[in-house]
Amino acid sequence: MKNIVLFASGSGSNVENIVRYFQDNSKINISAVLSNKKDAKVLDRCNNLKINALYFNRNAFYATECVLDILKTFDPDLIVLAGFLWKIPENLIAAFPDKIVNIHPALLPKYGGKGMYGNNVHEAVRANNETETGITIHYVNENYDEGAVIRQVKTSVSADDTPESIARKVHELEYEYFPKVIAQLLEVE
Ligand code: GRF
């Protein structure tokens, strides 16, 4: 049995997609979802999905070992950031080398780094008249969006795409590929 812990800050549609993808897989256990936002929609989703959900605040995350201690109790094989907006502290990166992965809604190294999240990314892609964008699934290191790339998938952007339509295309790629890449990393497919 492989244990996955997810981190999310917002809506959690990727979390829900991942949970549903693995729900009939006897080799995968979703141990918990951890969130830094008390009122995040992802926590409602976890409630409906009957998934263990935990909230932590900034102080607990950056100034204590509390999140590390909680993670250790789950003995995760993979920690998955699915729309998690805070930088991961050193103590967690050191404790789980090559076990933390993130999804970014663009083709890194383009449109990465601080402030490049959610619609900011898709608006920048539109403003620069890009002809393609996509997703990047990558390992997490101490810098935003800079760890080794595991998988990138592209989609085209046409002149009449809006930031909203780009976001929809990118989300579709996320839903299709993120669970599959997780399964490959854990060697359960
Ligand atoms: C996704 O686009 C993901 O790539 C990014 O944050 C967004 C999260 O969306 N890191 P959701 O909360 O899973 O709906």
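Further up the page is the structure itself.
Residues numbered from 1 in each chain as written. Predicted model: local features only at pLDDT ≥ 70, side-chain atom pairs only at ≥ 80, totals over all residues. Heavy atoms only, no water.

1. Topic: the pattern of salt bridges
A pair can form between side chains of opposite charge whenever their charged atoms are brought close.
Then, in step 1: One pass over the full model with this rule turns up six salt bridges.
Then, in step 2: In this structure, E132 engages K154 in a salt bridge whose closest nitrogen and oxygen atoms are separated by 3.5 Å. One end of the pair, E132, is in strand β6 (residues 132-139); the other, K154, is in strand β7 (residues 149-156), with 22 residues separating them in the sequence.
Then, in step 3: Measuring nitrogen to oxygen at the nearest pair gives 3.7 Å for the salt bridge that ties E176 to K180. (Salt bridge = Lys/Arg side-chain N within 4 Å of Asp/Glu carboxyl O. Helix = DSSP H or I, 4+ residues; strand = E, 2+ residues; numbered from the N terminus.)

2. Focus: the side chain of N36
Then, in step 1: Summarising the element assignment, N36 is placed in the loop between β2 (28-35) and α2 (41-49).
Then, in step 2: Polar contacts involving the side chain of N36 include one to the side chain of S9, which spans 2.8 Å.
Then, in step 3: With sequence-adjacent residues up to four places away left out, N36 is seen in contact with A8, S9, Y55, F56, F84 and W86. (Polar contact = N/O pair within 3.5 Å; in protein donor to acceptor, adjacent residues only side chain to side chain. Contact = heavy atoms within 4.5 Å.)

3. Structural notes on the site of the ligand
Then, in step 1: By nearness alone, every residue bordering the ligand is listed as S11, G12, S13, N14, G83, I103, H104, P105, H171 and E174.
Then, in step 2: A distance of 2.7 Å is found between an oxygen atom of the ligand and a backbone nitrogen or oxygen belonging to G12.
Then, in step 3: Here an oxygen atom of the ligand and a backbone polar atom of N14 are 2.8 Å apart.
Then, in step 4: Here the ligand has 370 Å² of accessible area as a free molecule, and 85% of this is covered by the chains.
Then, in step 5: Of the residues that constitute the shell around the ligand, the class distribution is two nonpolar, seven polar and one charged. (Near = heavy atom within 4 Å. Areas by Shrake-Rupley, 256 points an atom, 1.4 Å probe, with all protein chains shown as cover. Nonpolar A, V, L, I, M, F, W, Y, C, P; charged D, E, K, R; others polar.)

4. Remarks on the sheet that holds β6
Then, in step 1: Reading across from one edge, β3-β2-β1-β4-β5-β6-β7 is the order of the seven strands in this open sheet, with mixed pairing throughout. On the outer flanks of this sheet lie β3 (53-55) and β7, each paired with one strand and no other. Across the sheet, the mean angle separating the axes of adjacent strands is 20° when strand polarity is ignored.
Then, in step 2: Looking at chain direction, β6 and β7 are connected through seven bridges and run antiparallel. Within β7, the residue paired with T133 across the bridge is T155.
Then, in step 3: In this fold helix α7 (residues 163-185) packs onto β1 (2-8), β4 (78-81), β5 (100-104), β6 and β7, with an angle of close to 30° to the strand it touches most, β6. (Pairing = 2+ DSSP bridges. Axes fitted to C-alpha atoms, helices over the stretch in contact; angles between N-to-C directions.)

5. What to know about the state of the cysteines
Then, in step 1: Within this structure, the stated rule accounts for zero disulfides.
Then, in step 2: Here C46 stays free of any disulfide, with the sulfur of C66 as its closest cysteine sulfur at 18 Å. (Disulfide = S-S within 2.5 Å.)

6. A short note on α7
Within an α-helix, residues lying three or four positions from one another point in the same direction, as the helix has 3.6 residues per turn.
Then, in step 1: The first and last C-alpha atoms of α7 sit 31 Å apart over 23 residues, in line with the 33 Å expected at 1.5 Å per residue.
Then, in step 2: By the largest-angle criterion, Y177 marks the main kink of α7, which is about 30°, and a proline, P179, follows within four residues. (Expected span 1.5 Å × (residues − 1). Bend = angle between axes of the 7 residues up to and from the residue.)

7. Examining the nonpolar core
Then, in step 1: Judged by nonpolar contacts, the single largest core of 40 residues is most densely connected at I4, L6, F22, I30, V80 and I182.
Then, in step 2: If you tally residues by element for this core, the top one is α7, at eight residues.
Then, in step 3: When sequence neighbours within four positions are dropped, the list of residues in contact with I182 reads I4, I18, F22, L78 and V80.
Then, in step 4: Counting residues in each nonpolar core, the second largest holds 21 residues, with A32, L68, F84 and W86 among its members. (Core = buried A, V, L, I, M, F, W, Y, C linked by side-chain atoms within 4.5 Å. Buried < 20%, exposed > 50% of the residue type's maximum accessible area, 1.4 Å probe, protein only.)

Limitation: the analysis is restricted to geometry and does not speak to function.
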